[in-house]
Amino acid sequence: MARVTGIGGVFFKGRGDGKALAAWYRQHLGMALEDFGGAVLRWPDDKADDLGLTVWHVADHDSKWFSPSDSAFMINYRVDDLDGLLAQLQADGITIVGGPETHENGKFAWIMDPDGNKVELWEPKLWAARDESGPPQ
């Protein structure tokens, strides 16, 4: 049977000037914008030991997970240095709305973009730091 093998892209509408919102992501989250205006994130750039997992999940209609955003989506961005990025974001005047928190699979924090979308930042934990079983197969 044919099946999904990964997430090929994340697309969403800006509430105002889409180019300005993309520039915000470039300035504050280091998204390297291509000529077409979007970014191409390549797994070989990610050095985590989990081999590049992407989580897909449908939240219940009454979930508060994306709060304080009223958007129907939230994007999780893998980052290589959460503490460093949070310090940079705070220096830029961006409010951290949650975290940092440490969980079994890494560290998380949450911010809001200028359009009011909650953004999840995730620094994956090295598998050797979790246990000796390694990443899921």
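Refer to the structure above for everything that follows.
Definitions and limits used
Residues numbered from 1 in each chain as written. Predicted model: local features only at pLDDT ≥ 70, side-chain atom pairs only at ≥ 80, totals over all residues. Heavy atoms only, no water. Core = buried A, V, L, I, M, F, W, Y, C linked by side-chain atoms within 4.5 Å. Buried < 20%, exposed > 50% of the residue type's maximum accessible area, 1.4 Å probe, protein only. Helix = DSSP H or I, 4+ residues; strand = E, 2+ residues; numbered from the N terminus. Contact = heavy atoms within 4.5 Å. 1 Å grid on protein atoms, 1.4 Å probe; cavity = no way out; pocket = protein on both sides within 12 Å on 5 of 7 lines; lining within 4 Å. Points joined across faces, edges and corners; volume = space filled by probe spheres on them. Nonpolar A, V, L, I, M, F, W, Y, C, P; charged D, E, K, R; others polar. Pairing = 2+ DSSP bridges. Axes fitted to C-alpha atoms, helices over the stretch in contact; angles between N-to-C directions. Phe/Tyr/Trp six-rings, centres within 6.5 Å; stacked < 30°, edge-to-face > 60°.

Peer 1: How should I be thinking about the nonpolar core in this particular structure?
Peer 2: Counting 18 residues, the largest nonpolar core has Tyr25, Leu29, Tyr77, Leu89, Ile111 and Leu121 as the members making the most contacts within it. Those elements that place two or more of their residues in this core are helix 1 (18-29), strand 1 (75-78), helix 2 (82-91), strand 3 (106-112) and strand 4 (118-124). Beyond its immediate stretch of four places on either side in the chain, Ile111 contacts Trp24, Leu29, Leu89, Ile94, Thr95, Ile96, Val97, Asn117, Lys118, Val119 and Leu121.

Peer 1: What am I meant to see in the layout of surface pockets here?
Peer 2: Rolling a probe over the atoms, with the probe sized like a water molecule, indicates the empty space that remains. Volume-wise, the second largest pocket comes out at about 210 Å³. In this structure, the second largest pocket is lined by Val4, Thr5, Gly6, Ile7, Trp43, Thr54 and Trp56. For the lining of the second largest pocket, the residue count by class is four nonpolar, three polar and no charged.

Peer 1: Which parts of the structure should I look at to understand the sheet that holds strand 1?
Peer 2: By definition, the strands of a sheet pair up through backbone hydrogen bonds, in either a parallel or an antiparallel sense. The sheet built from four strands is open, its strands ordered 1-4-3-2 with mixed pairing. Pairing within the sheet leaves two strands with one partner each, and these edge strands are strand 1 and strand 2 (96-103). On average, each strand axis in the sheet is tilted by 20 degrees relative to the strand beside it, whichever way the strands run. Note: strand 1 against strand 4, four bridges, orientation parallel. Looking at the pairing, Arg78 lines up with Trp122 of strand 4.

Peer 1: Before we go on, may I ask you to explain the packing of aromatic side chains in this structure?
Peer 2: Pairs of aromatic rings are described using the distance from one ring centre to the other and the angle between the two planes. On inspection of all chains with the given rule, the structure shows seven aromatic pairs. Where Phe12 meets Phe73, the ring centres are 5.2 Å apart and the plane angle is 40 degrees; that geometry is what we call tilted. Placement of the pair is Phe12 in the segment before helix 1 and Phe73 in the loop between helix 1 and strand 1, with a sequence separation of 61 residues. Connected via pairs of aromatic rings, a cluster forms that spans Phe12, Trp24, Tyr25, Phe73 and Tyr77.

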